[in-house]
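Overview (structure and organization)
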Amino acid sequence: MASSKENETELVASSSPKNVYKDPDDGRQRFLLELEFVQCLANPTYIHYLAQNRYFEDEAFIGYLKYLQYWQRPEYIKFIMYPHCLYFLELLQNVNFRNAMAHPGNKELAHRQQFYYWKNYRNNRLRHILPRPLPEPVAEATSAAAPSLPPPPAVPIGLPASTMGMPPAAPTSTLSPMPYGMNPGRNEMRNVGIDRRKRKKDG
């Protein structure tokens, strides 16, 4: 009987872990490694690299991506510097997205869309945040407040405006199709330089 009790105590002692692994830095190293990996997912080129090297075919890696979704919780999200990584982490849960990112065209598309998002984010956000002024009722307010003015005198056809006591109309200038701020004589200077070079070659 005593021997059976000793065997039971040995079994219990052997089944219970004596040396439970404890991180020397209380999990700081693991936290930093997982944070770095999650933030690398903000780069479509890196996701393309993972797809090309068939990491997405490994079930253990897919399980790791599911495990990393804890970074979306508020107590962890405050450490994320590149929030696009969480969006891509969510997309990587889908098999179709993982397969599509192996194609270089899809990588470029994701990269372009990300660039345009960064480029226009502030303007788009301000458009929805800033209050818009209320439209003013223009037609009713102006007609009721301002008395009607007499129509301008008609100028007889064939008579110049100066004979009727009216100032001459300023000549209307048409807008140039050239962008604003360009020197209009710039092309003329190029042409002079071309002619000068031709003269040097001929002479």
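For the structure, see preceding data.
Residues numbered from 1 in each chain as written. Predicted model: local features only at pLDDT ≥ 70, side-chain atom pairs only at ≥ 80, totals over all residues. Heavy atoms only, no water.

A few words now on the packing of aromatic side chains. Counted by the stated rule, this structure contains 16 aromatic pairs. Plain terms: the ring middles of Phe-37 and Tyr-46 are 6.2 Å apart, the flat faces sit at 80° to each other, and that makes the pair edge-to-face. Residue Phe-37 is classed as buried on the basis of its relative accessible area of 13%. Residue classification places Tyr-46 among the partly exposed residues on the basis of a relative accessible area of 25%. An angle of 45° between the planes, with centres 5.7 Å apart, marks the rings of Phe-37 and Tyr-64 as tilted. Of this pair, Phe-37 sits in helix α2 (residues 28-40) while Tyr-64 sits in helix α4 (residues 59-67); the two residues are 27 residues apart in sequence, bridging distant segments of the chain. Looking at Tyr-64, the relative accessible area reads 28%, which means it is partly exposed. (Phe/Tyr/Trp six-rings, centres within 6.5 Å; stacked < 30°, edge-to-face > 60°. Buried < 20%, exposed > 50% of the residue type's maximum accessible area, 1.4 Å probe, protein only. Helix = DSSP H or I, 4+ residues; strand = E, 2+ residues; numbered from the N terminus.)

For Tyr-49, the position within the fold is in helix α3 (residues 44-52). Between the C-alpha atom of Tyr-49 and that of Pro-104, which follows or precedes it by 55 residues, the distance is 9.8 Å.

Within this structure, the stated rule accounts for three salt bridges. Across the salt bridge formed by Arg-30 and Glu-34, the nearest N and O atoms sit 3.2 Å from each other. In this pair, Arg-30 and Glu-34 both sit in helix α2, four residues apart, roughly one turn of the helix. A relative accessible area of 47% means that Arg-30 is categorised as partly exposed. Residue Glu-34 is classed as buried on the basis of its relative accessible area of 6%. (Salt bridge = Lys/Arg side-chain N within 4 Å of Asp/Glu carboxyl O.)

That's the geometry; what it means functionally is another story.
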